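Fold and geometry: a report
Now for the letters of each chain:
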Amino acid sequence: MMTGIDLELEADRLREECGVFGIIGHPDAAALTALGLHALQHRGQEAAGIVSFDGERFQTERRLGLVGDHFSSGKIIDRLQGSLALGHVRYSTTGETILRNVQPLFAELASGGFAVAHNGNITNGLTLRKELIAQGAICQSTSDTEVILHLVARSQKNRMVERYIDAIRHLEGAYALVALTNKKLIGARDPLGIRPLILGELNGAYILCSETCALDIIGAKFVREVENGEVVVISEDGIESLRPFPKQQARPCIFEYIYFSRPDSMLGGRSIYEVRKAMGRQLALESPVEADVIVPIPDSGVPAALGFSQATGIPFELGIIRNHYVGRTFIEPTQTIRSLGVKLKHNANRAVVAGKRVVLLDDSIVRGTTSVKIVRMMYEAGAKEVHMRISSPPIAHPDFYGIDTPEQKSLLAATHTLEEMREYIGVDTLAFLSVDGIYKAVGFEGRDPVRPQFTDHCFTGDYPTPLTDLNGERGKQKLALLAEAG
């Protein structure tokens, strides 16, 4: 359970979605899955799970906490035998963080065992759940992923792949799904390709995962991205590509480039690191400032700060040092300790900022509370001026596709003008990258208003899919579930 200080540190950041990793055809499938999940840990730190198949039966291990805390044990990996494995790291955007919500979810169906792991959010998941329960379904979790199990189980199709496709036809929203049977690894990406899914290969074994960095850690080769609306079926007979949805233009999530993907990953043929540097360069063109030093807010602001520095010639310096070992607060959070706030995680490098005109670079502002404390810390360390530049547009709308954003009323940009935001944060100047600037940094001339190239609703309010649960007011209802012992 997080303490008040932990919650304070985390509440002002966008929280990651989830990460998936599946492999078929390798004798060390579970061990490689654990390594892949370790590389995807940034996408979810609340829980991790692996399901494997040894030719006769399925084994599963699901734990709360980090991958390295549980899946570095030889005893656990030895128990997950087989050449097929599926893993998941979780940050809960739907459902509490309790063991029965931890993925992959597994069920014994009429056609055999079936495990599924999901990155994204089903925006009609609660509506489907209520319909299933009305028909007699018994739900054991509050995760929207469980709906997929029920839909597969109730499908009247004959083959498992057909049942799987029949199930996902009912889904709205964003999803990258990987499923495991006793013979197949099946991947699916939503019709718009909002969430990413990568196909890789290692010595004849095939992999489906959320990012290319998960391939790098095990020495696997990148094959291609699973396309929007595509279902990929991998078995000992090879790879089969199915297209069960009408063809649409892809609209992947722009936040993969801004924040979520690891800087060393590739997406859409682009280096995430280079795109983030390009965002910094574009920001410098749009909102220049006279200053002595560029200081990133670590770690997310570093690539954009490098780009801003390269474009302006203003020196880049580590004016804020991050403590990577915060973890859970180890002392009782009294008001005195709580008042230290952000210093548990960041500390000013006085030698760099004292007497200087400082430009702080970050990738986003959510509530703004952390920004206030970091700016105050800069002035306390002797900064003469503090300017803030943000390498994305203002976040004025909540997300419903797997990113945990606050309600709109809690988003600073939704309730304040730019000048009001500047005054609230306490900086001399404040500027954001424009929406067109984001698109230019990724390689386009700008945003196509008729056929947008990305899903960018947090900035524009343009939601590309129906929001059935939200619009039907179902999202305000709470699901009943027995609490588990800690």
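Residues numbered from 1 in each chain as written. Predicted model: local features only at pLDDT ≥ 70, side-chain atom pairs only at ≥ 80, totals over all residues. Heavy atoms only, no water.

**Remarks on the sheet that holds strand S3 (residues 58–64)**
- Read from one edge of the open sheet, seven strands run S3-S2-S4-S1-S10-S9-S11, paired in antiparallel fashion. Two strands close off the open sheet at either side, each with one partner strand: S3 and strand S11 (221–225). Strand-to-strand twist across the sheet, computed as the mean angle between neighbouring axes with direction ignored, equals 15 degrees.
- Summarising the sheet, strand S2 (residues 47–53) and strand S4 (residues 84–90) pair through seven bridges and their orientation is antiparallel. Residue pairing in the sheet places valine 51 in a bridge with leucine 86 of S4. (Pairing = 2+ DSSP bridges. Helix = DSSP H or I, 4+ residues; strand = E, 2+ residues; numbered from the N terminus. Axes fitted to C-alpha atoms, helices over the stretch in contact; angles between N-to-C directions.)

**A few points about helix H17 (residues 435–442)**
- Buried residues of H17: Gly437, Ile438, Tyr439, Ala441 and Val442, and no others.
- Packing partners of the buried residues in H17 comprise helix H9 (255–260), strand S15 (270–271) and helix H10 (272–286). (Buried < 20%, exposed > 50% of the residue type's maximum accessible area, 1.4 Å probe, protein only. Contact = heavy atoms within 4.5 Å.)

**Remarks on the layout of surface pockets**
- Its boundaries defined by the atoms lining it, the second largest pocket holds a volume of some 320 Å³.
- Considering the residues around the second largest pocket, the lining is formed by 17 residues, among which Lys183, Ser235, Glu236, Asp237 and Gly238 are closest to the centre.
- Listing elements by their share of the lining of the second largest pocket, those giving two or more residues are strand S10 (205–209), strand S12 (231–235) and strand S13 (238–242).
- Element by element, the count of residues in the lining of the second largest pocket is highest for S13, at three residues.
- Here the lining of the second largest pocket is composed, by residue class, of six nonpolar, six polar and five charged. (1 Å grid on protein atoms, 1.4 Å probe; cavity = no way out; pocket = protein on both sides within 12 Å on 5 of 7 lines; lining within 4 Å. Points joined across faces, edges and corners; volume = space filled by probe spheres on them. Nonpolar A, V, L, I, M, F, W, Y, C, P; charged D, E, K, R; others polar.)

**Examining the sheet that holds S13**
- If you walk across this open sheet you meet the six strands as S5-S6-S7-S8-S12-S13, and the pairing is antiparallel. Of all strands in the sheet, those with a lone pairing partner are strand S5 (105–109) and S13, marking the two edges. The average angle at which neighbouring strand axes cross in this sheet is 20 degrees, direction not considered.
- Across eight bridges, strand S6 (residues 112–122) lies against strand S7 (residues 173–180) in antiparallel orientation. Across the sheet, alanine 117 pairs through a bridge with valine 178, a residue of S7.

**Comments concerning the confidence of the model for the protein chain**
- Of the residues in the protein chain, 88% reach a pLDDT of 70 or more, and the chain-wide mean stands at 90.
- Of the regions scoring below 50 in pLDDT, residues 328–332 engages in seven contacts with residues more than four places distant in sequence or in other chains. (pLDDT = per-residue confidence, 0-100.)

**Details of the side chain of serine 391**
- With respect to the secondary-structure elements, serine 391 resides in the loop between strand S20 (385–390) and helix H15 (412–415).
- Judged by relative accessible area, serine 391 falls into the buried class, the value being 3%.

**With respect to the environment of aspartate 436**
- In this structure, aspartate 436 sits in helix H17.
- Taking C-alpha positions, aspartate 436 is 9.3 Å from proline 393, a pair spaced 43 residues apart along the chain.
- Those residues within four positions of aspartate 436 in sequence are excluded, and the remaining contacts are Gly446 and Arg447.

**Regarding the environment of threonine 468**
- The residue threonine 468 is located in helix H19 (residues 468–471) in this model.
- Sequence separation between threonine 468 and glycine 173 is 295 residues; the distance between their C-alpha atoms is 9.2 Å.
- Once you skip the residues sitting within four places of it in the chain, threonine 468 turns out to touch Thr123, Asn124, Thr127 and Glu172.
- A polar contact is formed between the side chain of threonine 468 and the side chain of glutamate 172, at a distance of 2.5 Å. (Polar contact = N/O pair within 3.5 Å; in protein donor to acceptor, adjacent residues only side chain to side chain.)

**Topic: unusual backbone geometry**
- The linkage connecting glutamine 103 with the following residue, proline 104, adopts the cis geometry, with an omega of 0 degrees.
- Here proline 104 shows up in the loop between S4 and S5.
- Here the residue pair proline 298 and aspartate 299 is connected by a cis peptide bond, since its omega of -5 degrees sits within 30 degrees of zero.
- Tracing the chain through its elements places aspartate 299 in the loop between strand S16 (293–296) and helix H11 (302–312).

**Brief notes about the nonpolar core**
- Ile254, Phe255, Tyr257, Ile258, Met279, Phe308 and Leu361 are the most contacted members of the largest nonpolar core, which has 40 residues in total.
- For this core, the elements supplying multiple residues, two or more each, are H9, H10, H11, strand S19 (357–362), H17 and helix H18 (457–460).
- The biggest single contributor to this core is H10, with six residues.
- By size, the runner-up hydrophobic cluster in this structure holds 29 residues, among which are Leu128, Ile148, Val152 and Leu171. (Core = buried A, V, L, I, M, F, W, Y, C linked by side-chain atoms within 4.5 Å.)

**Considerations on the packing of helix H5 (residues 125–134) against helix H6 (residues 145–154)**
- Where H5 meets H6, the closest approach of the two axes is 10 Å, and the angle between their N-to-C directions is 45 degrees. Taken together, the axes of H5 and H6 are oblique relative to one another. As H5 runs across H6, the sense of the crossing is left-handed. Taking contact as the criterion, the partners of Gly125, Leu128, Arg129 and Leu132 in H5 are, on H6, Glu146, Val147, His150, Leu151 and Arg154.
- Of the residues in the contact of H5 with H6, the class split is four nonpolar, two polar and three charged. (Parallel < 35°, antiparallel > 145°, perpendicular 65-115°, else oblique. Left-handed = near helix turned anticlockwise from the far one by under 90°.)

**Here's the deal with the pattern of salt bridges**
- By the definition in use, this model includes 19 salt bridges.
- Within this structure, Arg43, Arg195, Glu211 and Glu256 form a network of salt bridges that share partners. (Salt bridge = Lys/Arg side-chain N within 4 Å of Asp/Glu carboxyl O.)

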